[in-house]
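# Structural features, examined
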Amino acid sequence: MYTSLALALSLSSCLLAGAQAQTTVAAWNQCGGLQYTGSTICVSGSGCVKLNDYYSQCQPGAATVTSAVSSSTTVVPSVSSSTITTSAASTTSPGLHTLAKAKGLVYFGSATDNGELTDAPYKAILSDNSEFGQLTPGNSQKWDATEGTRGTFTFTRGDEIVALAKANGQLVRGHTLVWHSQLPSWVSSGGFDNATLISIMENHVTQVATHYKGQIYAWDVLNEIFNEDGTFRESVFYTTIGEAYVAIALRAARAADPDAKLYINDYNVDGTGAKSTAMYNLVAKLIAQGVPIDGIGIQAHLISGSVPSTLQANWEQFASLGVDVALTEVDIRITLPTTDAKLAQQATDYKNVVAACVAIPKCIGITIWDYTDKYSWIPSVFSTQGAALPWDENLVKKPAYAAIAEALA
Ligand code: XIL
């Protein structure tokens, strides 16, 4: 089980520890890794734990190596301050994306954001394409980031993430072209008439999708267009243009980047219910009308212990329309503080969610909304909630990781 830590390998950098007097590294700080040049000696009571080739970390209570470790590891002779443990999962899992591919999915991926990319240990795990075969920019392709001023387009931050994915051999989900939120006030409060707002929206979709043409596996063309009761959300697009805005946006996206798969994405379309029925009915109608639509994005921002029991039935229903289904923003939040029992429940929840996707051939990918609690959006939006992702805030795998791997095995 995850909680039983296994002795594992050390870094050669730790061997250098005795060469000169070093300051001690505080708990949770870096103590080793490729290209790391700082102190490798952890503060008393902590041990230097290898998380990946790029990062070892001082963890309170980590055991000190006093004897040879398993045959697959590098044995470090008598380095008294070097302590080496890592989770069993991290040494045995081939990686979530590798597992997902073997199971027939197109990818297992993660959202990320520009500010986080200066965090080298974070970036190293994000860039490991055995774990993540796909990235989603968490914010930097949204309307406020790309066209904050009418007609002036900025792609720098989105480009950074797309370039990183390309360098890592990862797919990109584009997120998002038309959304009521993170929409500049020049659009939402501009008082435009129907024809003008159509042309503004078409221009936005065209410019952004053209800029990224050929580099995006799938676009969330439309995001969160429904109310909970299945009626259309009264965004400026709906109130000004009417339902037709959906088809107009999809057609503009198809024209701009014919190879990108086009999705409508929403939350609370996980289990069956009014909102899921509305999604189903809309996509059926679009297909009947010949409007380009390739997939339904299920955000899957879920609550641990309250995951709907109808996930698979609902997603099968979506898939029966002939479109792809993807879990696009998965996180499963916990009421803080965490306990072992809550983490175990969360692991079960993750396993059930991933298993439901795996059971459906048309469920082609799973994206978690960032991979570590360090950068999760949850605590900033849902007070008292958090710890929603499979890696904790110290970039250590949680029980949820092993549960996902199990569901993908
Ligand atoms: C979130 C980002 O993660 C935050 O950084 C930002 O402050 C707000 O938006 N549904 C979506 C995502 O489609 O774009 C949202 O992302 C989370 C909910």
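Conventions used here
Residues numbered from 1 in each chain as written. Predicted model: local features only at pLDDT ≥ 70, side-chain atom pairs only at ≥ 80, totals over all residues. Heavy atoms only, no water. Helix = DSSP H or I, 4+ residues; strand = E, 2+ residues; numbered from the N terminus. Expected span 1.5 Å × (residues − 1). Buried < 20%, exposed > 50% of the residue type's maximum accessible area, 1.4 Å probe, protein only. Near = heavy atom within 4 Å. Polar contact = N/O pair within 3.5 Å; in protein donor to acceptor, adjacent residues only side chain to side chain. Areas by Shrake-Rupley, 256 points an atom, 1.4 Å probe, with all protein chains shown as cover. Nonpolar A, V, L, I, M, F, W, Y, C, P; charged D, E, K, R; others polar. Contact = heavy atoms within 4.5 Å. Arc of directions from axis to C-beta. Phe/Tyr/Trp six-rings, centres within 6.5 Å; stacked < 30°, edge-to-face > 60°. pLDDT = per-residue confidence, 0-100. Salt bridge = Lys/Arg side-chain N within 4 Å of Asp/Glu carboxyl O.

This part is about helix α13 (residues 340-358). The first and last C-alpha atoms of α13 sit 27 Å apart over 19 residues, in line with the 27 Å expected at 1.5 Å per residue. Of the residues making up α13, those classed as buried are L343, Q346, A347, D349, Y350, V353, V354, A356 and C357.

Once that is clear, we can look at the site of the ligand. Around the ligand, a shell composed of N139, K142, H175, W179, Q182, N223, E224, Q299, H301, E329, W369 and W377 is seen. Here a nitrogen atom of the ligand sits 3.2 Å away from a polar atom, N or O, in the side chain of E224. For the ligand, whose free accessible area comes to 410 Å², the fraction covered by protein is 75%. Residue classes in the shell around the ligand are distributed as three nonpolar, six polar and three charged.

With respect to the element layout, Y245 can be found in helix α10 (residues 244-256). With 23 residues separating them in the primary sequence, Y245 and L222 have C-alpha atoms 9.6 Å apart. With residues near it in sequence (within four places) discarded, Y245 still touches V178, M201, L222, I225, S235, F237 and Y238.

This paragraph deals with helix α12 (residues 311-319). Taken residue by residue, α12 has L311, N314, W315, F318 and A319 as its buried positions. In an axial view of α12, the angular spread of the buried residues amounts to 140 degrees, which keeps them on one side of the axis.

The next point concerns the packing of aromatic side chains. Enumeration according to the criterion identifies 18 aromatic pairs in this entry. Note on Y122 and Y375: the rings are 4.9 Å apart at their centroids and 85 degrees apart in plane angle, and the pair reads as edge-to-face. With Y122 in helix α4 (residues 120-126) and Y375 in the loop between β16 (363-368) and α14 (378-381), the pair connects residues that are 253 residues apart, well separated along the chain. With 5.7 Å between their ring centres and 85 degrees between their planes, F155 and Y212 make a pair best called edge-to-face. With F155 in the loop between α5 (143-146) and α6 (156-168) and Y212 in the loop between α8 (194-211) and β11 (218-223), the pair connects residues that are 57 residues apart, well separated along the chain. For the pair formed by F155 and Y212, the shared burial category is buried.

With respect to the helices and strands, the residue I225 is situated in the loop between β11 and α9 (236-241). Linking I225 and N265, residues 40 residues apart in sequence, is a C-alpha distance of 8.2 Å. Excluding anything up to four places from it in sequence, I225 contacts T231, F232, R233, Y245, V246, I264, D266 and L282.

As a further point, take the confidence of the model for the chain. In the predicted model, the chain carries a mean pLDDT of 88, and the fraction of residues at 70 or more is 84%. Across residues 1-20 the pLDDT falls below 50, and counting only partners more than four positions away or on other chains, this stretch makes 49 contacts in the model. Segment residues 64-91 is flagged for pLDDT under 50; beyond a separation of four residues in sequence, or across chains, it makes 58 contacts in the model.

Here the focus is the pattern of salt bridges. A complete count under the given rule lists 10 salt bridges for this structure. The shortest N-O distance in the salt bridge between D119 and K374 comes to 2.7 Å. Of this pair, D119 sits in the loop between β8 (107-112) and α4 while K374 sits in the loop between β16 and α14; the two residues are 255 residues apart in sequence, bridging distant segments of the chain. Overall, the relative accessible area of 39% leaves K374 in the partly exposed class. Between E406 and K351 there is a salt bridge, with its nearest N and O atoms 2.6 Å apart. With E406 in helix α15 (residues 399-408) and K351 in helix α13, the pair connects residues that are 55 residues apart, well separated along the chain. The exposure class of K351 is partly exposed, given its relative accessible area of 31%.

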